[in-house]
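Remarks on the overall topology
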Amino acid sequence: MPLLAGYHRPETLDEAVALLSQPQHIPLAGGTVINADRHRSGYVGVDLQSLGLNNIQFEGSSASIGAMVRVADIEHTFPHDLLGVAARRELPSTLRTIGTIGGAVAAAGQESLLLAALLASSATVTTADGKSTPLDEFLRSPSGLITTVELHTSTDWAFEHTGRTPMDTPIVAVAGRRSSSGPILAITGVSSVPELARSLDEVEQLIPFSDFRGSSEYRHHLAVKLSQRVLGALS
Ligand SMILES: Cc1cc2nc3c(=O)[nH]c(=O)nc-3n(C[C@H](O)[C@H](O)[C@H](O)COP(=O)(O)OP(=O)(O)OC[C@H]3O[C@@H](n4cnc5c(N)ncnc54)[C@H](O)[C@@H]3O)c2cc1C
C-alpha cells in the first residue's frame, strides 16, 4: 500500500478506536477507495480485518451486517432481494470480493446502488461507541468507526434504473421497498448521496445536479418516471 505512511492491524475494537483517535489515522477496510488513489499520503491505515466484523445475523425480517462483510457476500446472502440485486451491480466482481459494506457507507458514493438499497431498507448504522443512527442521518454527518449496519428486509421491493448500457452504472436508479409505514424510495444520480423519498411529491421536489451523462432536467425526468414505476410495482 504505497499511499499509506503506516499500517496497523489491531485485534480488538478498543485498540482500533485508540489508534483511530490519533491524527491522520484512518480505517482501512477493503481498500478499493483508499488504494484507488495513486498519490502518496500521510495517512496511517488501521486495518479492520481482525476485529470480527464479518458476520451477518438474522432476526425475523431484520439483518445485522458487520462492517467488514464484503459486497460479494451480500450478493450471495441476499440473492433474490433488493440488497443482493444492488450489490451485484455495485462494482466489477473482482472488486466486490474486496469492497465492504462499511466502506460503501463511509465512502457514500452518489451512484452507490448498495447505499440506495440500504436506505430503502430503513438501515441504521452502529458505530464503535454503541450509537445507532438512521443511515440518511449518518450520511449527512458521518463520524466514528462503523461496526454494523442493521436493516429490514421484505418481499415487497422494486428496482428501476436507466443507464447508457444495461450493466453500466445507472445515470439514475430508484430502489424501493414497502415498509410498515408505506413505501420508501432511494434515488441515485440526483444528489451527492442517494436521496430518500416517501412519495412522488417528494421526488418531484428534487433538483438534481447536471453532468456529461445527464442534465438536471433529464435526471429529474428519470427520477420521476422510475419512481412511478417502482411505486406502481409496490402498490
Ligand atoms: C477506483 C474506484 C473508485 C471508487 N470510488 C468510490 C467513491 O468515490 N464512492 C463510493 O461510494 N464508492 C466508490 N467505489 C466503490 C467502493 O469500492 C465501494 O464503495 C466499496 O464497498 C468500498 O469499500 P472498501 O472496503 O474497499 O473501502 P476502503 O477503501 O477500505 O475505505 C473507503 C473509505 O471508508 C472508510 N471506512 C472503511 N471502513 C470503515 C468503517 N468500518 N468505519 C468508518 N469508516 C470506514 C475508509 O477510511 C475510507 O475513507 C470505488 C471503487 C473503485 C474501484
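Residues numbered from 1 in each chain as written. Predicted model: local features only at pLDDT ≥ 70, side-chain atom pairs only at ≥ 80, totals over all residues. Heavy atoms only, no water.

The next thing to look at is the overall build of the chain. Secondary structure summary: the chain contains nine helices and 12 strands in total. For the chain, whose C-alpha radius of gyration is 18 Å, the value lies close to the compact-globule estimate of 18 Å for 235 residues. Taken along the three principal axes of its C-alpha coordinates, the chain extends 50 × 45 × 30 Å. Across the 235 residues in the chain, those meeting the buried criterion constitute 46%. Pairs at least 24 residues apart make up 57% of the contacts formed inside the chain by residues separated by at least 6 positions. Accessible surface computed for the chain: about 11,400 Å², of which carbon and sulfur atoms make up 51%. (Helix = DSSP H or I, 4+ residues; strand = E, 2+ residues; numbered from the N terminus. Rg over C-alpha atoms; globule rule 2.2 N^0.38 Å. Buried < 20%, exposed > 50% of the residue type's maximum accessible area, 1.4 Å probe, protein only. Contact = heavy atoms within 4.5 Å. Areas by Shrake-Rupley, 256 points an atom, 1.4 Å probe, with all protein chains shown as cover.)

We now examine the domain arrangement of the chain. One can read the domain layout of the chain as domain 1 (6–47), domain 2 (56–152) and domain 3 (157–234). Here the C-alpha centre of domain 3 lies 19 Å away from the C-alpha centre of domain 2. Summed over both sides, the interface of domain 2 with domain 3 buries roughly 1,900 Å², with 62% coming from carbon and sulfur. By the criterion of area lost to domain 3, the three top residues of domain 2 are R89, Q110 and E111, representing 35% of everything that side buries. Summed over the shared surface of domain 2 and domain 3, the result is two salt bridges. As a salt-bridge pair, D81 and R177 come within 2.7 Å of each other at their nearest N and O atoms. For the side of domain 2 that touches domain 3, the secondary structure elements donating two or more residues are α3 (82–88), α6 (113–120) and α7 (135–140). The element that contributes the greatest number of residues to the side of domain 2 that touches domain 3 is α6, accounting for six residues. Tallied by class, the residues present in the side of domain 2 that touches domain 3 amount to 11 nonpolar, seven polar and four charged. (Domains from an automatic or database assignment. Buried area = accessible area lost by both parts, 1.4 Å probe. Salt bridge = Lys/Arg side-chain N within 4 Å of Asp/Glu carboxyl O. Nonpolar A, V, L, I, M, F, W, Y, C, P; charged D, E, K, R; others polar.)

Core analysis: the largest hydrophobic core is formed by 45 residues, its most contacted members being I74, L83, V105, L114, L118 and L135. Ranked by residue count, the leading element in this core is α6, at eight residues. The contact partners of I74, leaving out residues within four places of it in the chain, are V69, L83, G84, A87, I101 and L114. By size, the runner-up hydrophobic cluster in this structure holds 17 residues, among which are V174, L206, L231 and L234. (Core = buried A, V, L, I, M, F, W, Y, C linked by side-chain atoms within 4.5 Å.)

Before going further, it helps to examine the packing of aromatic side chains. Across all of its chains, the model carries one aromatic pair by this definition. For the pair F58 and F78, a centre-to-centre distance of 5.8 Å together with 55° between the ring planes defines the contact as tilted. Of this pair, F58 sits in strand β4 (residues 56–59) while F78 sits in the loop between α2 (71–77) and α3, and the two are 20 residues apart along the sequence. (Phe/Tyr/Trp six-rings, centres within 6.5 Å; stacked < 30°, edge-to-face > 60°.)

Hydrogen bonds along the backbone pair up the strands of a sheet, which may run parallel or antiparallel. Spatially, the five strands line up as an open sheet ordered β4-β5-β8-β6-β7, and their pairing is antiparallel. On the outer flanks of this sheet lie β4 and β7 (132–134), each paired with one strand and no other. Within this sheet the neighbouring strands show an average axis-to-axis angle of 20°, counted without direction. Across four bridges, the pairing between strand β6 (residues 124–127) and strand β8 (residues 146–152) is antiparallel. The residue of β8 that forms the bridge with V125 is V149. (Pairing = 2+ DSSP bridges. Axes fitted to C-alpha atoms, helices over the stretch in contact; angles between N-to-C directions.)

Of all the eight residues making up α6, eight are buried; the element is thus mostly covered by neighbouring parts of the structure. Measuring from the side-chain oxygen of the N-cap residue of α6 to the backbone nitrogen of L115 gives 3.1 Å; that N-cap residue is S112. (Polar contact = N/O pair within 3.5 Å; in protein donor to acceptor, adjacent residues only side chain to side chain.)

We note that Q24 has phi near 70°; this positive angle belongs to a residue other than glycine. Along the chain, Q24 turns up in the loop between α1 (13–20) and β2 (25–28). If you check the backbone angles, S122 has positive phi at about 55° while not being a glycine.

Around the ligand, the structure places 26 residues, and the nearest of them are P27, G30, T32, T100 and G109. Within the contact set of the ligand, an oxygen atom lies 2.6 Å away from a backbone nitrogen or oxygen of G30. Its free accessible area being 970 Å², the ligand has 77% of it covered by the protein chains. Under a 2 Å grid-point criterion requiring more than half of the atoms, the pocket assigned to the ligand is the largest pocket. Secondary-structure elements contributing two or more residues to the shell around the ligand are β2 and α5 (101–107). In terms of residues, the shell around the ligand owes the most to one element, α5, which gives five residues. (Near = heavy atom within 4 Å. 1 Å grid on protein atoms, 1.4 Å probe; cavity = no way out; pocket = protein on both sides within 12 Å on 5 of 7 lines; lining within 4 Å. Sits in = over half its atoms within 2 Å of the grid points.)

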